[in-house]
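What the coordinates show
Below, each chain spelled out in residue letters.
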Amino acid sequence: MTEISAATSESDRHALEALYELTAAVARAVALEDVCREAVRVIRSAVGVDRAALLIVDEGGVMRFRAWEGLSDTYRARTEGHSPWATDETSPMPVVIEDISEDESLAELRDIVTEEGIAALTFIPIVGPGGLLGKFMLYSDSPRVFADDELMLASMIAASVAVAIGRREIEARLRASRDQLAAIFSAVADGITVLDRGGRFVLANDAAAKLCGFEDAKEMLSAPPDLVIERFQILDEDGEPLDLDALPARRVLAGEPYAERVVRYRRHGDDDDRWSHVKAAPVPGPDDEPEFAVNVFRDITNERREHERSQLAFTRISRLERLADAALRASTLDELLEELLVVVRSLLGSDRATMLLLGPGNELIARAAVGIDPDVAYGVRVPVGEGIAGTIAATRAPTIIDDLSKEEVVSAYLREHGGSLAGVPLLFQNRLLGVMHVSSDETSAFDAEDLEYLKLAAERAAIAIEQTRIFERERDIAAALQQSLLPEHFPPLPGVVLAASYLPASDGARVGGDWYDAFPLGDGRILVAIGDIVGHGIQAASAMGQVRNALRAYANEEPSPASIFTRINTLLSEAAGNLFCTAFCGVIDPWARTITYSDAGHPATLVLNPRGEASFLEGARSTPLGALRNARYDEQTETLEPGAIVVAYTDGLVESRREPIDARLDALADAASAAANLPPARITEFVESKLVDDGEREDDVAMIVVQLTASPDELRLRLPAEPDSLRVVRGALDGYTRRIGGSDEDVLDLKVACCEACSNVIEHAYGTGTGAIRLKAAATDGGVVISVTDAGRWREHHPRGASRRGHGLTLMRALVDDVEITTSETAGTEVRLFRRIGG
Amino acid sequence: LVQRITLDPLANDSVDVMRLGGEVDLGNSRDVAEALLDHVSEDSPGLVIDLSGLRYVDSAGIRLFVELSERLRRNRQTLALAVPSDAPIHRTLSIVKMELLVPVHESVEDAVEDIATRSDSRPTVP
């Protein structure tokens, strides 16, 4: 071996060592800046060039110097941004310029390069999976030929740098989505924990920590996992000790795709049992085996205690129920009671039979009747203790009355017909449920045997009534669970009236994923959203809370439906679990009378014009949120007529196994049109009564209705005298002024003038408690008249300083054509502004 | 975090420059003042606020600029506003003759230069 080749292999070894070092640095996740600097050093010594540089494509697609050796500031400034490859080049190749003086491809840079003292240069592309990320520059002060293995070595170093750049991007994205998830986790009431394969808690929210008896999440995470479990005695629903492997988190870590169960537990040293509904879903690791378990638990102790009470009653009933007549089993309580009355009437040969149930206020209310015009029968109310039924209820004594004309009778129809009656109380476990009686036009029509039969029928009716009530209560508990997450009432908002309703699925125990929300954006506009969570994993109700929290947070930052949906889609796509959500989101401007909306795979929202004609918002449609990672969400704006009504709903309202969807949408349009003159709260009721089959509702149903109430001719606002109201004033004026033909300048001038008048009211309501601003704007011949009224006195001077309101008055006078301030002892202060418009 | 406004520092070697965007009214003027003060460094000769992107201002905002100017002056610093004639709020500020209360310039560069000139002639504190 000659000395020369030894030296070469020596330098090769240096180069390789340097490359290993660089690779190790990348693997150690050293900061990108350090990797760049190290890479330039390595490439310079490995390839043996005089100078070198590393450039990375920035967000704007421009190559920027990130590290360099031996280059002047001027040279960098003048060559930055240059690239021999197109930005979308998928497989860029190294470009070698052996002698700049003989190369034409870089003619425009030749002078700059030569001035720097560079004679040869080479471009080595840095390529990631998504395309070009940057480049290495190798410079030589004299013309030079690069050997293939030198280029190869340079390309290997470039590949290491590409890994570092790619990882930084992934880390930034991960950090962003982790921050968002953390924000949302901390906002839900459910306890959420994440466990690793070893059963250690790697994440917990404060709600979880509190349920486990810790002060906060930090304290819980620092406790050894065994200690957390050892604090409790874990039981199953029946109170038997539960094998810890049966806990949902352990089951999904063992390979089950999803697990949930009710867990009963008792803290050591505590007598009271508590219940928790625990759900878990796995997060697969790189080996596709479950790496983490996401555990969501909700304290259901109160619901559970209620359930235990009804369960106890239910067991007793079922025993009796087996004895009951099969023919008496009907699908609804009303059908059952009516069927029972028909049988009773025919067996006893009576003309009429009536069932009255005990209602609120200790009153008996007719619930079922046969042989009587229902309009007459159903309104009847009899106070306990009064009349015949009232006396039977009060004394609980089966009674026969041979001649009704001799008695004090409350019901009009009994008085009218006269004759005789037999009645019994409806009792369940000594509790009065109501009264059942039969009556006949003949006097003395009933005997003791008839009364015995009536008692038997009453017993069965009582069981059926109680059973239905228990069922209804269970369904109410389920609905309450869901509804606790939905706003029941909306605060009054200027320019609109809002109403919403939620009906759980009729198989009551199941809680659906329907949700809705509506809130003011603070500038006079209102955001309305409705959605339906589909899919498994973290269960629907808790996911719903998260989506709604995210919606509010994002809306606060950028109130655009398309942008909100894009962000929620990213959030759901990156979150663990396979859940997605159809949704509609609309921003309603009652003053400009527009709706800007986006539709993520949700049934089209309906709009009623003031003539009751229905149409559907069919634009801006995209895929459900969370279904497709890079889905694109657009938004569309439609003009609304004065008094228009927007009806958004979930698919439970229009989906049916018996009818095609088009027929159901037509039925919805018809029902909504028929209800167009009703207030929003009655519209939801009416549409539900037409479309929803109460007996067998397979899915839950949510609806939200918004009606524009702003007058088409004038703008009227009544707002609290607080600074936040100023934005609402400006938003409303903006929409109104543009609608009556105002220009940008008209809009801005009126906003300033009007807010000056309102600010005066607000400043002066300060400290005096609550006050209100009343604003009225009306278009007149060639202009607009605005009146701002409060209950106090106009203040030219502020007590705290010199003429603080001076600018306000100057602005108002300069910006409108006429200002008039009137103060009266009784009516307070009125500021009237007039401005010509569009002139 | 101050609601409804954006506040971005602009690079400048001699003076602190902030670009204020959004809407300023009675509801946030106090917070905006504090946020602006936070961005003025002790050794800067003053603050230039670029108002070219501000969409709304009324007398509450005008008071804010006047009071901010007074507070800076007590610290021997100068406030100057950059309000190009096509800025949405240009008309509002000219109605109240803002330039008589606080220096107003057509561009950030002019405002920076104004402060630089003033600080050169500023008597040095012993």
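Everything here concerns the structure above.
The next thing to look at is the overall build of chain A. Scanning chain A from terminus to terminus reveals 22 helices and 33 strands. When each of the 839 residues of chain A is scored for burial, the buried share is 49%. Taking contacts inside chain A between residues at least 6 apart in sequence as the whole, the part at least 24 apart equals 61%. Carbon and sulfur atoms form 49% of the exposed surface of chain A, whose accessible area is close to 39,700 Å².

Turning to the layout of surface pockets, a few remarks are in order. Its volume calculated, the largest pocket comes out at about 1,200 Å³. Together, 39 residues line the largest pocket, and Leu521(A), Gly522(A), Asp523(A), Arg727(A) and Arg4(B) are the ones closest to its centre. Listed by contribution, the elements that provide at least two residues to the lining of the largest pocket are strand 19 (514–520), helix 16 (540–557), strand 29 (714–720) and helix 20 (725–739) of chain A together with strand 1 (5–10) and strand 2 (16–24) of chain B. The dominant element in the lining of the largest pocket, judged by the number of residues it contributes, is helix 20 of chain A, at six residues.

Bringing the interface of chain A and chain B into the picture now. Each side of the interface is counted separately: chain A has 24 residues, and chain B has 20 residues. Summing both sides of the interface, chain A and chain B together bury roughly 1,900 Å²; the carbon and sulfur share of this comes to 55%. Between chain A and chain B we count four salt bridges in total. Among the salt bridges present, the one from Glu23(B) reaches Arg730(A), with a minimum N-O distance of 2.9 Å.

Residue and element names in this part refer to chain A. Reading across from one edge, 14-13-12-17-16-15 is the order of the six strands in this open sheet, with antiparallel pairing throughout. Since the sheet does not close on itself, it has two edges, and those belong to strand 14 (381–383) and strand 15 (399–401), each with one partner. Pairs of neighbouring strands in the sheet enclose a mean axial angle of 25°, with direction left out of account. Across nine bridges, the pairing between strand 16 (residues 420–428) and strand 17 (residues 431–440) is antiparallel. Along strand 17, the bridge assignment pairs Val424 with Met436. Docked against the sheet, helix 13 (residues 387–395) engages strand 12 (352–359), strand 13 (363–370), strand 14, strand 15, strand 16 and strand 17, running at close to 140° with respect to strand 17.

The next point concerns the packing of helix 18 (residues 661–674) of chain A against helix 19 (residues 680–691) of chain A. Residue and element names in this part refer to chain A. As a packed pair, helix 18 and helix 19 sit with axes 9 Å apart at the nearest point and diverge in direction by 140°. Here helix 18 lies oblique to helix 19, going by the angle between them. In this structure, the crossing between helix 18 and helix 19 has a hand that is right-handed. Side by side, helix 18 and helix 19 meet where Arg664, Ala667, Leu668, Ala671, Ala672 and Ala674 of the first sit next to Phe686, Val687, Lys690 and Leu691 of the second. Tallied by class, residues from the contact of helix 18 with helix 19 come to eight nonpolar, no polar and two charged.

Looking now at empty space enclosed by the protein. Residues and elements named next belong to chain A. If you walk through the whole model with that rule in mind, you get three cavities of 30 Å³ or more. Approximately 90 Å³ is the volume attributed to the largest cavity. Lining the largest cavity are Leu55, Phe65, Tyr75, Thr79, His82, Leu106, Leu109, Leu121, Phe123, Lys135, Met137 and Tyr139. A per-element tally of the lining of the largest cavity places strand 5 (residues 131–140) first, with three residues. Tallied by class, the residues present in the lining of the largest cavity amount to nine nonpolar, two polar and one charged.

Residues and elements named next belong to chain A. Strands sit in the order 2-1-5-4-3 across an open sheet of five strands; the sheet is antiparallel. At either end of the open sheet lies a strand with only one pairing partner, and these are strand 2 (63–69) and strand 3 (95–97). Here the average twist between neighbouring strands, direction ignored, is 20°.

The biggest cluster of nonpolar side chains holds 71 residues, and the ones touching the most others in it are Ile786(A), Leu20(B), Ile49(B) and Leu51(B). The biggest single contributor to this core is helix 21 (residues 744–765) of chain A, with ten residues. Filtering out sequence-adjacent residues up to four positions away, Ile786(A) remains in contact with Leu733(A), Leu750(A), Cys754(A), Leu775(A), Lys776(A), Ala777(A), Val831(A), Arg832(A) and Leu833(A). Listed in part, the 29 residues of the second largest apolar core include Val40(A), Ala46(A), Leu54(A) and Phe136(A).

What follows covers the pattern of salt bridges. Per the stated rule, a full pass over the model turns up 46 salt bridges over all chains. Arg64(A) is paired through a salt bridge with Asp58(A); the nearest N and O atoms lie 3.0 Å apart. Residue Arg64(A) is classed as partly exposed on the basis of its relative accessible area, which comes to 33%. Asp58(A) gets classed as partly exposed once you look at its relative accessible area, which sits at 29%. With a shortest N-O distance of 2.8 Å, Arg91(B) and Asp749(A) are connected by a salt bridge. Separated into two different chains, Arg91(B) in helix 3 (residues 90–95) and Asp749(A) in helix 21 make up a pair that spans both.

Inspection of the entire model under this criterion finds six aromatic pairs over all chains. Here the aromatic rings of Phe565(A) and Tyr633(A) are separated by 5.9 Å at their centres, their planes lie at 75°, and the arrangement is edge-to-face. Taken together, the residues Phe565(A) in helix 17 (residues 561–574) and Tyr633(A) in the loop between strand 25 (621–622) and strand 26 (636–639) connect sequence positions 68 residues apart. A relative accessible area of 5% means that Tyr633(A) is categorised as buried. In this structure, Arg76(A) packs its charged tip against the face of Trp68(A), placed 3.6 Å from the ring centre. Here the basic side chain of Arg730(A) rests over the ring of Tyr56(B), its NZ or CZ set 4.0 Å away from the ring centre.

Each value, and the rule that gives it
- Residues numbered from 1 in each chain as written.
- Chains lettered and ligands numbered in written order.
- Predicted model: local features only at pLDDT ≥ 70, side-chain atom pairs only at ≥ 80, totals over all residues.
- Heavy atoms only, no water.
- Helix = DSSP H or I, 4+ residues; strand = E, 2+ residues; numbered from the N terminus.
- Buried < 20%, exposed > 50% of the residue type's maximum accessible area, 1.4 Å probe, protein only.
- Contact = heavy atoms within 4.5 Å.
- Areas by Shrake-Rupley, 256 points an atom, 1.4 Å probe, with all protein chains shown as cover.
- 1 Å grid on protein atoms, 1.4 Å probe; cavity = no way out; pocket = protein on both sides within 12 Å on 5 of 7 lines; lining within 4 Å.
- Points joined across faces, edges and corners; volume = space filled by probe spheres on them.
- Buried area = accessible area lost by both parts, 1.4 Å probe.
- Salt bridge = Lys/Arg side-chain N within 4 Å of Asp/Glu carboxyl O.
- Pairing = 2+ DSSP bridges.
- Axes fitted to C-alpha atoms, helices over the stretch in contact; angles between N-to-C directions.
- Parallel < 35°, antiparallel > 145°, perpendicular 65-115°, else oblique.
- Left-handed = near helix turned anticlockwise from the far one by under 90°.
- Nonpolar A, V, L, I, M, F, W, Y, C, P; charged D, E, K, R; others polar.
- Core = buried A, V, L, I, M, F, W, Y, C linked by side-chain atoms within 4.5 Å.
- Phe/Tyr/Trp six-rings, centres within 6.5 Å; stacked < 30°, edge-to-face > 60°.
- Lys NZ or Arg CZ within 6 Å of the ring centre and 35° of its normal.

Function cannot be inferred from these measures alone, as they are strictly geometric.
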